[in-house]
Amino acid sequence: GDSRAQAWLGHRYYWGAGGVPRDRQRAFNYLERAANAGNQEALYNLGVMYAYGHGVERDRDRGMELFRQAADNGYVAAQNGLAVSLTDGSKDNNFTEAFLYFDRSAQQGNADGLYNAGLLLKDGKGVE
């Protein structure tokens, strides 16, 4: 199938939007198929599911792995998502790396990335 259509359906099932009932398991199935076909949006959305335990067992490391893959392929929301995970209070937080991803996201017009980069600048974190 078409990975864009699979990602679209996965997103609809995740949120229960557009007349589609909320079904996180179906969302996962569609997103996984799209991600396996190289769809960056689906990689990011699977990362969200793992990072927050929505429809799957929470697995921060797997979420970050998926965020990183999509982020390194230029998916803006994943750049911000990865950076948020890198500043979530976990023992392996890395504010320097987080700032780089927030900034990369901001440079592409992402308002969340801009805001989050600004917070790190304000607090002097990750910007030696």
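In the block above lies the structure referred to throughout.
Before going further, it helps to spend a moment on the packing of helix H5 (residues 76-85) against helix H6 (residues 95-107). The geometry of H5 relative to H6 is characterised by a closest axis approach of 8 Å and an angle of 155 degrees between their N-to-C directions. In terms of orientation, H5 and H6 fall into the roughly antiparallel class. The handedness of the crossing between H5 and H6 is left-handed. From H5, Val76, Gln79, Asn80, Leu82, Ala83 and Val84 reach across to H6, where they touch Ala98, Tyr101, Phe102, Arg104 and Ser105. Each residue belonging to the contact of H5 with H6 can be placed in one class, and the counts come to 7 nonpolar, 3 polar and 1 charged.

So, on to the packing of helix H2 (residues 24-36) against helix H3 (residues 40-52). Running from N to C, H2 and H3 point in directions that differ by 140 degrees, and their axes come no closer than 8 Å. Relative to H3, the element H2 is oriented oblique. Once H2 is placed against H3, the crossing between them reads as left-handed. Judged by residue contacts, Arg24, Ala27, Phe28, Leu31, Glu32, Ala34 and Ala35 of H2 engage Ala42, Leu43, Asn45, Leu46, Met49 and Tyr50 from H3. Within the contact of H2 with H3, the residues separate by chemical class into 10 nonpolar, 1 polar and 2 charged.

Summarising the element assignment, Glu41 is placed in helix H3. Taking relative accessible area as the criterion, Glu41 reaches 30% and is therefore assigned partly exposed. Through-space distance from the C-alpha of Glu41 to that of Leu31 is 8.7 Å; in sequence the pair is 10 residues apart. Setting aside chain neighbours within four positions, we find Glu41 in contact with Ala7 and Tyr75.

Attention now moves to the pattern of salt bridges. Scanning the entire structure with this criterion turns up 7 salt bridges. In this structure, the salt-bridge partner of Asp2 is Arg4, at a minimum N-O distance of 3.3 Å. Given the relative accessible area of 63%, Arg4 is considered exposed. With its nearest N and O atoms 2.5 Å apart, the salt bridge here joins Glu97 to Arg68. Linking Glu97 in helix H6 with Arg68 in helix H4 (residues 60-72), this pair joins segments that are 29 residues apart in sequence. Here the residues in one salt-bridge network are Arg60, Asp88 and Asp92, joined through shared partners.

On to the environment of His54. Along the polypeptide, His54 turns up in the loop between H3 and H4. For the pair His54 and Gln108, spaced 54 residues apart in the sequence, the C-alpha separation amounts to 28 Å. Reaching out from His54, the side chain makes a polar contact with the side chain of Tyr14 at a distance of 2.4 Å.

The rules behind the values
- Residues numbered from 1 in each chain as written.
- Predicted model: local features only at pLDDT ≥ 70, side-chain atom pairs only at ≥ 80, totals over all residues.
- Heavy atoms only, no water.
- Axes fitted to C-alpha atoms, helices over the stretch in contact; angles between N-to-C directions.
- Helix = DSSP H or I, 4+ residues; strand = E, 2+ residues; numbered from the N terminus.
- Parallel < 35°, antiparallel > 145°, perpendicular 65-115°, else oblique.
- Left-handed = near helix turned anticlockwise from the far one by under 90°.
- Contact = heavy atoms within 4.5 Å.
- Nonpolar A, V, L, I, M, F, W, Y, C, P; charged D, E, K, R; others polar.
- Buried < 20%, exposed > 50% of the residue type's maximum accessible area, 1.4 Å probe, protein only.
- Salt bridge = Lys/Arg side-chain N within 4 Å of Asp/Glu carboxyl O.
- Polar contact = N/O pair within 3.5 Å; in protein donor to acceptor, adjacent residues only side chain to side chain.

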